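# Structural overview for review
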Amino acid sequence: MATADLEPPLVINNQNQLPPLQQHHQEEGEEEEEEEVEEEKDVDETCPPLPSSSPSSSSSFSTSSSLDTSLLRNLYIAQFLARWDARMWEFCVGLYMINLWPRSLVLAAVYGAVESASTALFGPTIGEWVQRLTYVQVLRLWLVAQNLSFMVAGGTVVALFLFPTLKSTNFTAFISLVALANASGVVGSLSTLAGTILIEREWVVVISEGHPPDVLTETNSTIRRIDLTCKLLAPVVSGFIISFVSLKASAITLSCWNIAAVGLEYLFFMSVYKGIPALGESNNKKRDSRLSPPRGDPHGAGFESKEWRAKVCEWFYSLNFISSWRVYLKQSTLLPGVALALLFFTVLIFGTLMTATLEWEGIPAYLIGIGRGVSAIIGISATSVYPIMQSRLSTLRTGLWSVWYQWACLVVCVGGIWVHSQKLSAYMLMAGVATSRLGLWMFDLSVVQQMQDRVAESDRCIVGGVQNSLQSALDLLGYVMGIIISGPKDFWKLSLISFAAVTMAALLYSIHTYRVRKHLIHFEKLIMLARRQKRSPGTASSTA
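Please read all numbers here as calculations on a predicted model, not as lab measurements. (Residues numbered from 1 in each chain as written. Predicted model: local features only at pLDDT ≥ 70, side-chain atom pairs only at ≥ 80, totals over all residues. Heavy atoms only, no water.)

For the rest of this paragraph, the subject is the overall build of the chain. Each helix and strand in the chain was counted, giving 23 helices and zero strands. Per-residue burial for the chain yields a buried fraction of 45% across its 544 residues. Element-wise, carbon and sulfur atoms account for 66% of the exposed surface of the chain, whose accessible area totals about 27700 Å². (Helix = DSSP H or I, 4+ residues; strand = E, 2+ residues; numbered from the N terminus. Buried < 20%, exposed > 50% of the residue type's maximum accessible area, 1.4 Å probe, protein only. Areas by Shrake-Rupley, 256 points an atom, 1.4 Å probe, with all protein chains shown as cover.)

Here it is in structure tokens:
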């Protein structure tokens with residue numbers, strides 16, 4: 001409509017009288033406009049309708065400025081403190097277990113398997129609880145359970161190091177303390193999961209509502225950057241304490257840190273909750289929905305007339321675990337979620353198996369450490385690159401480019417299998433894994449934002465819990481895969497299996513993208529570009 005108002009009728013009526021070259025350029029311009037309109041439709045299909053904005057650009061600036069930056073800063077500080085707790089324990093627990101039972105990975109492997117299995121089993125239930133409880137209740141339970149659990153775990157480790165002969169003198173007491181440390185650590189990890197669902201799947205979305213779309217993108221990226229920074233720096237600080245003081249000192253530091261941090265975390269989070277009215281309004285909705293009577297009470301009058309098989313089926317479907325999975329499977333983000341979970345079924349990370357293999361192949365420890373650091377830095381850089389790509393390509397297409405970029409980087413790792421030089425093969429493995437982190441974390445941000453945008457408010461926490469459960473289940477399968485194929489010389493088999501999982505993830509996400517956009521690549525645009533470049537020399541000569 002705007003185009004018709006700008007062009008006088010005289011120009012339209014005399015279109016056939018234009019010179020052939022100008023007429024050709026006009027037709028080509030119209031084709032480009034049609035392609036741009038089609039591209040805009042593709043982008044609109046990937047995102048839900050956004051709140052309408054006024055014609056003036058000043059309104060968008062006022063909306064963005066209404067989000068208090070000091071409250072966001074408090075949110076980031078509290079998130080940093082909470083993630084630091086979890087990342088310290090995540091790094092230290094393996095070293096504690098190895099030193100408690102030297103020359104054996106059994107305790108470390110048992111803890112990793114138990115933690116992954118617990119998250120896989122209880123993840124949907126935790127998501128259901130976060131969805132039902134109010135924000136303040138979840139916040140208190142999360143912070144108290146997480147910090148108290150890590151404090152108890154650290155204190156138990158200190159007791160084990162104070163009595164180093166306990167394993168030989170009183171094996172029952174030794175196993176009991178190890179079990180207590182493991183159980184406390186698992187409870188702390190499950191509490192961390194509840195906090196992750198609350199902040200990343202709920203608060204970030206509620207805070208960003210009514211603001212420009214890039215606010216949600218930037219907030220997601222900052223939250224992920226905080227987590228990855230803690231993942232990089234917490235092991236460095238803990239490693240210095242372990243190297244220059246002792247393991248016992250690191251366990252004491254872990255306990256003291258959790259005692260001191262819990263109060264600060266609660267104060268910062270509550271300042272955000274009280275300072276942003278949208279969080280209070282959303283919290284009231286949750287409270288009202290919890291107090292309202294459930295729909296379709298299975299114990300009503302009609303329940304007695306049903307057959308016993310129907311009763312059993314209804315009871316089975318009403319279980320939190322089953323009902324959560326049913327909600328997850330109905331989502332339009334099912335394929336992206338499964339694709340993201342498949343990336344956890346891998347040994348192509350700087351984890352225990354890959355580190356042990358690199359040492360077996362003769363790579364110095366300091367080079368492995370440098371490779372791990374470079375990998376972490378590249379992962380952190382993904383949180384800065386993602387907002388730029390998302391603003392240019394849309395959330396859906398950014399995920400497509402990211403997962404295939406990760407796949408292309410891991411091709412280098414697979415190619416190193418057939419390299420005769422063992423050292424060169426190891427360096428190719430390190431380079432491929434490190435560079436693939438950019439695609440991995442950009443894909444993670446893309447899938448998370450799609451779930452935030454496209455999952456209903458009443459299902460967000462449930463879907464988040466099931467997603468973490470699925471990821472932990474596949475992570476557990478990775479541990480099992482490492483136990484079955486345990487020899488360092490057979491690491492190439494694990495690499496191929498991991499690469500196959502990444503390939504499957506990329507294909508599933510490509511199928512999802514094709515379903516939404518009805519195509520993957522604009523081949524017609526490539527043809528138009530080729531034709532334009534082919535005609536450009538003739539056009540230039542005729543113009544001259």
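What follows covers the environment of A159. Locating A159 in the fold gives a position in helix α7 (residues 135-162). A relative accessible area of 23% means that A159 is categorised as partly exposed. Sequence-wise, A159 and L177 are 18 residues apart; in three dimensions their C-alpha atoms are separated by 8.3 Å.

This part takes up unusual backbone geometry. Phi at S394 is positive, roughly 85 degrees, even though this residue is not glycine. Within the secondary structure, S394 sits in the loop between α18 (365-393) and α19 (395-415).

Each α-helix turn comprises 3.6 residues. Residues three or four places apart therefore point the same way. Compared with an ideal rise of 1.5 Å per residue, which puts 29 residues at 42 Å, helix α11 (residues 247-275) spans 41 Å between its outermost C-alpha atoms and is within 8% of the ideal. Most pronounced at A261, the bend in α11 amounts to some 35 degrees. (Expected span 1.5 Å × (residues − 1). Bend = angle between axes of the 7 residues up to and from the residue.)

This brings us to the packing of helix α5 (residues 69-100) against α7. Pairs of packed helices are described in terms of their axes, by the angle between the two and the distance that separates them. In the contact formed by α5 and α7, the axes pass within 11 Å of each other and the chain directions differ by 25 degrees. Of the possible angle classes, the one that applies to α5 and α7 is roughly parallel. Every pair of crossing elements has a handedness; the one defined by α5 and α7 is left-handed. Where α5 approaches α7, its residues Q79, A82, D85, A86, W89, Y96, N99 and L100 are matched on the opposing element by W142, Q146, N147, F150, A153, V157, L160 and F161. Residues that form the contact of α5 with α7 fall into these classes: eleven nonpolar, four polar and one charged. (Axes fitted to C-alpha atoms, helices over the stretch in contact; angles between N-to-C directions. Parallel < 35°, antiparallel > 145°, perpendicular 65-115°, else oblique. Left-handed = near helix turned anticlockwise from the far one by under 90°. Contact = heavy atoms within 4.5 Å. Nonpolar A, V, L, I, M, F, W, Y, C, P; charged D, E, K, R; others polar.)

The next thing to look at is the packing of aromatic side chains. Aromatic ring pairs are reported here in terms of the distance separating the ring centres and the angle at which the planes meet. Summed over all chains, the structure comprises 18 aromatic pairs. Members of the aromatic cluster, each reached through a chain of ring pairs, are W89, Y96, Y111, F150 and F161. A cation over an aromatic ring shows up here: K167 above the ring of W101, its NZ or CZ 4.8 Å from the ring centre. (Phe/Tyr/Trp six-rings, centres within 6.5 Å; stacked < 30°, edge-to-face > 60°. Lys NZ or Arg CZ within 6 Å of the ring centre and 35° of its normal.)

What follows concerns the nonpolar core. Core analysis: the largest hydrophobic core is formed by 61 residues, its most contacted members being L75, L198, W203, F269 and L279. Contributing elements (two or more residues each) for this core: α5, α6 (106-132), α7, α9 (171-208), α10 (213-244) and α11. With 15 residues, α5 is the largest single contributor of residues to this core. Excluding residues that lie within four positions of it along the chain, L279 makes contacts with Y135, W203, V206, I207, V272 and Y273. With 54 residues, the next largest nonpolar core counts A434, L440, W441 and V455 among its residues. (Core = buried A, V, L, I, M, F, W, Y, C linked by side-chain atoms within 4.5 Å.)

Moving on to the packing of α5 against α6. In the contact formed by α5 and α6, the axes pass within 7 Å of each other and the chain directions differ by 145 degrees. Across from W89, V93, G94, M97, I98 and L100 in α5, the residues of α6 making contact are L107, A108 and Y111. Here the residues of the contact of α5 with α6 are counted per class, giving eight nonpolar, one polar and no charged.

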